[in-house]
Amino acid sequence: MVTERDPRTGLGTDYTWDGASTRIASVRQNTLAATKLTYGSGRLTQVSREAPVEGQPDVTVARYVYDIATSGTGLPNLTGPTGVTAWHQAKAPVTGYAVFGQDYTGPVSGTSVDWTYADLSYVDDLGYTVNSASYGAGAWQITSTDYDTTTNNVVRQLDASATAATAKATPAMTPAQVDTLSTQTLYNNEVKDSSGTVVLPAGSRVTDTYGPARPVVLADGTVAPLRPHTHTDYDQGAPNGGINSATGQQFSLPTTIKVTAATAVGADAETISVSTNGYGKVNSTDPNEGDGWALGTATTTSTWTNTTSSSGAITATTRYDTLGRVIEKRQPLSSGADAGTTKTAYYTAAAQSAPNTDCGEHPEWAGLTCRTYPAAAPDQGPSLPDETTTYTMWLHPSTVVEASGGATRTTTTTYDAAERPVSTRLTATGLTGSTPRPGSYTKYRPNGLVDYTGALNSSGTDADTAGRTTYNYDRWARPTTVTGDAGPVTTSYNPAGKVDTVTDAKGSRSYGYDGTDAAGKLERRGLVTSLTVSRPGTGGALTYAAGYDADGQLTRQGMPGGITQVTSYDEGGEPVGLTYLGQVTPVTASTDPDTGETVYTPGTPQQDQPWMSWSTVNDITGRARLLETGTGAAFDNGTGVASIEDVAPWTADAVGQGSSYAREYRYDPAGRLTYARSAESTPTPDTASLASTCTERTYAFDANGRQPAKRSRCTQTATAPAPGPPPPRPRPDGTPPTGPPPDETAPAPTPTTCSAARPHSRPRTPPTRPRETSPSATTTTTCPAASPRATPTRRSPSTRPADGRPKPPPLAPAALPAPRRRCAATRTRATTPPGPRPRHLALRTRPSPASPHRSEATCRPRSGRTAPPACPSPTPTETPAPPSRSTRARPAAPQRCPSAGGPATTSTATPPAPPPPTRSTAHSATAGSEPNNAPPAAGLRASP
């Protein structure tokens, strides 16, 4: 075959062949650039493509190299103590293969090959891929895969962070210890019937999967390193002794799925959820209903509301016809004859009885969906939609009519001769006050690409000229210019074929890939490492940089103004830490011997100091369980003062500064949020005290997910006084300190009976906040400030699939505003004795009129802050409350004032510029907001 064409449009594909062989030499689709394949010794060695611009030379897209050694100069070392034996790989690789991408133009043979540009794959003696390697984060990142020796099923996978942990961090790990870092899959054994016939081949069912161990919170609030475990049982209650009469084999249909937290393979610590599937007919006497066992499709799906019994399970029901098409779906509380049941009717050649007479006698559409409707009207409220669909001669939906009461909405779609949708129009009747919207129209080019889109004109034959969006492409079908109401958006591409620059009326965004990342490490995995946002006029440029971990997850992002975002992950790849770093200037407080006034002396600025941080511990399924703020100096949005000498006592104008908090979330076995507790600590201007507030919300549901019940707790109150002046610190040489004595008259903290929060051995960062339904009840009380504690550090490995490189998702670009800054005292471990608490300085910045990139650093005393208190303990029948969490104690001096950069002895400072990117690229950064003290989101990700 050399040509394939659609006679309706002339669109098709052309092929050429490599001499007299059966190997394809080139492929051209429509009039686009052809892809060419080159062979050597019978193997594919190169893929090239005609240039994206007419008249330019062909572009080499990929080159392939065979028989790569398992170690050598410039290659990863898979032999020796740091090779595959370090992670106890079942079989060693015997040879490798390399794929060089479009970004590498150097040699692929000889001694000067730069292997870091290649994606490497290694196979065992049977040809199965056992290792892959790519260069990033300053090292070779190697994955490992083990196979079952009998069935050749994958039984163990280690991602790059796991192999690095075994080979570099702890090379003496035992096989069992390495397994805890892996994803393991277990399969069934062979089963024979009484005659010796195999009715279930070995390895045909997955019975268990185990994920990597990571710190998780159990139901009783304890934190332990556990593995997610899913166990599946099959064919429970199957007819005919579990044998499918059509195949003579077991049905192999999953009937019970249990998710647990396991300490090791075969050792479960806690059951998280249980669900069961049923396959029997819902109405056993209906001859038109299909049997789920024969169809291989579940007719009932039950989610248990407790982990020990199916009593009270939430069961959804689905009925099928004998062809396996859905004819009825029931909500858990539906009887099958009420508004909780949705029915589906299909077109037939034969006549049908009411209520589906219109679905009969349509042989041209036989088997297609005709009508979807409720079994009955609801008891109250508006009626539910009744939807009917008709089709074109090519069996594409032509009209979809949705009727509800006296209102009707009709969606009409037209197609061209190639069955491509051309126009869509939405009309409605019976809706008083509704305004019809114009439909949409799409015009195609002769090569099949979209030419323009727009609002459908009054005659329904084209798009209105005004408001059209037009598209231009290169010969690779990549959009180069998209012109709409806001003007043209132009996209250019770099020699590696990736987006280089995107320009619109607001400026341009230039992307850089690979090279030196934000952590100063060499990156070669094709990831975005820099983004430059150029703004028109005097706006100037904003520069971002990114760094990644062994698994390709974004861990460090440099942002304008010298701000750095650091994200950490647990061993399961879940985000557990988020910190913003910036410049902090220590400030020493002393007393002028002549005037008795306090004098503040700035010290040497320190870079990469924490401004804000959050942490979390998840449950075994990755849901947030414990969430709290961590070390930080910037929870403040006041206006500050003009000079460091103009400090004043903390007053009500500081209202709005961020609160430290700790939060807890609980879920039922059905995965529904049932409990949320938040403890926060905020200054109270009127009383000069720290108000510690605890709020609890509880949720209850029926089987349909509604909330019929309400309950609440949390009733005890207490208030801690504002901290007094700081005690003097001893000098570094050990001589007595100078300065004012501590305020001995400050009141002592008010005693309280609120329970303490549970200490956790690992830090926590917040993922996306759990979605809460309307709270059943909320109670707010005042609790005491918690005692301080220190927060240990966490390593941040992560888990990614071993069968491919992660790619960052697309994201629309947006410039990030520089966060506000304020100072915080140097933190120490919790050793502060009872009595008056120290006062601290709060440094804020405001834009300098001299430059949009400069900020004025200002300090002033502020109230000391502690971490939030714990809420009262739950009732004895429920999980005990965690003990008290708090930040570390803060001495009076030296204090740290985050500044935009520059000398700390002046009131203005220029932010340090991040290192220039090695290449330009195509990705974007966005700034998130921080509602309710949620962490701001900022991401530098791949462009579409």
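Residues numbered from 1 in each chain as written. Predicted model: local features only at pLDDT ≥ 70, side-chain atom pairs only at ≥ 80, totals over all residues. Heavy atoms only, no water.

Enquirer: Let's hear about the overall build of the protein: which residues, and what values?
Expert: For the protein, the helix and strand inventory stands at 3 helices and 55 strands. Taking as baseline every contact in the protein between residues at least 6 positions apart, the subset at least 24 positions apart corresponds to 53%. When the accessible surface of the protein is split by element, carbon and sulfur atoms take 54% of a total near 43600 Å². (Helix = DSSP H or I, 4+ residues; strand = E, 2+ residues; numbered from the N terminus. Contact = heavy atoms within 4.5 Å. Areas by Shrake-Rupley, 256 points an atom, 1.4 Å probe, with all protein chains shown as cover.)

Enquirer: Break down the state of the cysteines for me, with residues and values.
Expert: Under the criterion given, the structure shown has 1 disulfide. A sulfur-sulfur distance of 2.0 Å marks the disulfide that ties C359 to C370. An S-S torsion of about -80° defines the bridge between C359 and C370 as left-handed. On the criterion of sequence distance, the pair formed by C359 in the loop between β23 (341-346) and β24 (369-374) and C370 in strand β24 is long-range, its members being 11 residues apart. Of the two residues, C359 and C370, neither departs from the other in class, the shared state being buried. (Disulfide = S-S within 2.5 Å. Buried < 20%, exposed > 50% of the residue type's maximum accessible area, 1.4 Å probe, protein only.)

Enquirer: Any details on the side chain of N277? Residues and values, ideally.
Expert: Position of N277 among the secondary structure elements: in strand β19 (residues 267-278). Within the structure, N277 has its side chain in polar contact with the backbone oxygen of P254 (distance 3.2 Å). Apart from residues lying up to four places away in sequence, N277 is in contact with P254, T255, I257, A298, T300 and T301. (Polar contact = N/O pair within 3.5 Å; in protein donor to acceptor, adjacent residues only side chain to side chain.)

Enquirer: How would you summarise the pattern of salt bridges if you had to cite specific residues and measurements?
Expert: This model, assessed by the stated rule, comprises 35 salt bridges. The salt bridge partner of D179 is R156, with a shortest N-O separation of 3.1 Å. You can see D179 sitting in helix α2 (residues 175-179) and its partner R156 sitting in strand β11 (residues 154-158), a full 23 residues away along the chain. Accessibility assignment for this pair places D179 and R156 in one class, buried. In this structure, the salt-bridge partner of D702 is R706, at a minimum N-O distance of 2.7 Å. Residues joined in a network through salt bridges with shared partners are D286, E289, R319, E328 and R330. (Salt bridge = Lys/Arg side-chain N within 4 Å of Asp/Glu carboxyl O.)

Enquirer: Tell me about the nonpolar core, and please be specific about residues and values.
Expert: If you look at the biggest cluster of nonpolar residues, it comprises 30 residues, and the most contacted ones within it are Y511, Y544, Y548, Y580, W614 and Y665. Ranked by size, the runner-up nonpolar core spans 27 residues in total, among them V65, Y122, M173 and L181. (Core = buried A, V, L, I, M, F, W, Y, C linked by side-chain atoms within 4.5 Å.)

Enquirer: Tell me about the confidence of the model for the protein, and name the residues and values.
Expert: Detailed reading of the predicted model is not advised wherever pLDDT is low. Put simply, the protein has an average pLDDT of 77, and 71% of its residues get 70 or more. In this model residues 635-657 is a low-confidence stretch, pLDDT under 50, and it forms 62 contacts with partners more than four residues away in sequence or in other chains. Between residues 714-944, whose pLDDT stays under 50, and residues either more than four places distant or in other chains, the model counts 709 contacts. (pLDDT = per-residue confidence, 0-100.)

Enquirer: Explain the side chain of T674 to me, using residue names and the numbers behind them.
Expert: One can find T674 in strand β45 (residues 673-684). Given a relative accessible area of 16%, T674 falls into the buried group. Not counting chain neighbours up to four residues away, the residues in contact with T674 comprise R666, Y667, D668, R697, T698, Y699 and F701.

Enquirer: An account of the pairing of strand β4 (residues 35-40) is needed here, citing residue identities and associated values.
Expert: Inspection of the sheet shows strand β3 (residues 24-29) paired to β4 by 2 bridges, in the antiparallel sense. When the sheet's bridge partners are listed, S26 is paired in β4 with K36. Between the end of β3 and the start of β4, which pair antiparallel, lie 5 residues, with N30 showing a positive phi angle near 55°. The pairing of β4 with strand β5 (residues 43-49) spans 6 bridges and is classified as antiparallel. Paired with L37 across the two strands is V47, which belongs to β5. Between the antiparallel neighbours β4 and β5 lie 2 residues, among them S41 with a positive phi of about 55°. (Pairing = 2+ DSSP bridges.)

Enquirer: Could you give an account of helix α1 (residues 160-169), with specific residues and numbers?
Expert: Each full turn of the α-helix corresponds to 3.6 residues, which orients residues three or four apart in the same direction. Of all the 10 residues making up α1, 7 are buried; the element is thus mostly covered by neighbouring parts of the structure. Looking at the packing, one finds that the buried side of α1 touches β10 (139-147), β11 and α2.

Enquirer: So, the environment of T503: which residues are in play, and what are the values?
Expert: Assignment of secondary structure puts T503 in strand β34 (residues 499-504). We classify T503 as partly exposed; its relative accessible area is 33%. Ignoring sequence-local partners within four residues, the contact set of T503 consists of P488, V489, T490 and S508.

Enquirer: Please give an account of the environment of N494 that cites residues and values.
Expert: With respect to the helices and strands, N494 occurs in the loop between β33 (487-493) and β34. With 18 residues separating them in the primary sequence, N494 and G512 have C-alpha atoms 9.5 Å apart. There is a polar contact of 3.0 Å between the side chain of N494 and the backbone nitrogen of A496.

Enquirer: Before we move on, could you go through the packing of aromatic side chains and cite the residues and values that matter?
Expert: Within this structure, the stated rule accounts for 12 aromatic pairs. Considering the side-chain rings of Y347 and W365, the 5.1 Å spacing of their centres and the 65° angle between planes classify their relative orientation as edge-to-face. Taken together, the positions of Y347 in the loop between β23 and β24 and W365 in the loop between β23 and β24 put the pair 18 residues apart, joining distant regions of the chain. The same class applies to Y347 and to W365, which are both buried. Summarising the aromatic geometry, the rings of W365 and Y391 are spaced 6.0 Å apart at their centres and angled 65° between planes, so their arrangement reads as edge-to-face. Placement of W365 in the loop between β23 and β24 and of Y391 in strand β25 (residues 386-391) is noted, with a sequence separation of 26 residues between them. Taken as a pair, W365 and Y391 share a single burial class, namely buried. Taking NZ or CZ as reference, R420 lies 4.3 Å from the ring centre of Y444, over its face. (Phe/Tyr/Trp six-rings, centres within 6.5 Å; stacked < 30°, edge-to-face > 60°. Lys NZ or Arg CZ within 6 Å of the ring centre and 35° of its normal.)

Enquirer: Which residues make up the pairing of strand β44 (residues 660-667), and what values do they have?
Expert: The side chains of a regular strand alternate between both faces of the sheet. Among the 8 residues of β44, 8 are classified as buried, and the element is accordingly described as predominantly covered. On β44, burial covers both faces: S660, A662, E664 and R666 on one face and Y661, R663, Y665 and Y667 on the other are all buried. Bridge analysis of strand β43 (residues 624-629) against β44 gives 3 bridges, and the strand direction is antiparallel. Across the sheet, E628 pairs through a bridge with A662, a residue of β44.

Enquirer: Describe unusual backbone geometry, listing the residues and the values that go with them.
Expert: P355 follows A354 through a cis peptide bond whose omega is 10°. At S252, a residue that is not glycine, the phi angle is positive and equals roughly 60°. The topology assignment puts S252 in the loop between β17 (223-234) and β18 (254-264). Here S252 falls in the partly exposed class, since its relative accessible area comes to 25%. Although it is not a glycine, A477 adopts a positive phi angle of roughly 65°. Here A477 is to be found in the loop between β31 (469-473) and β32 (479-484).

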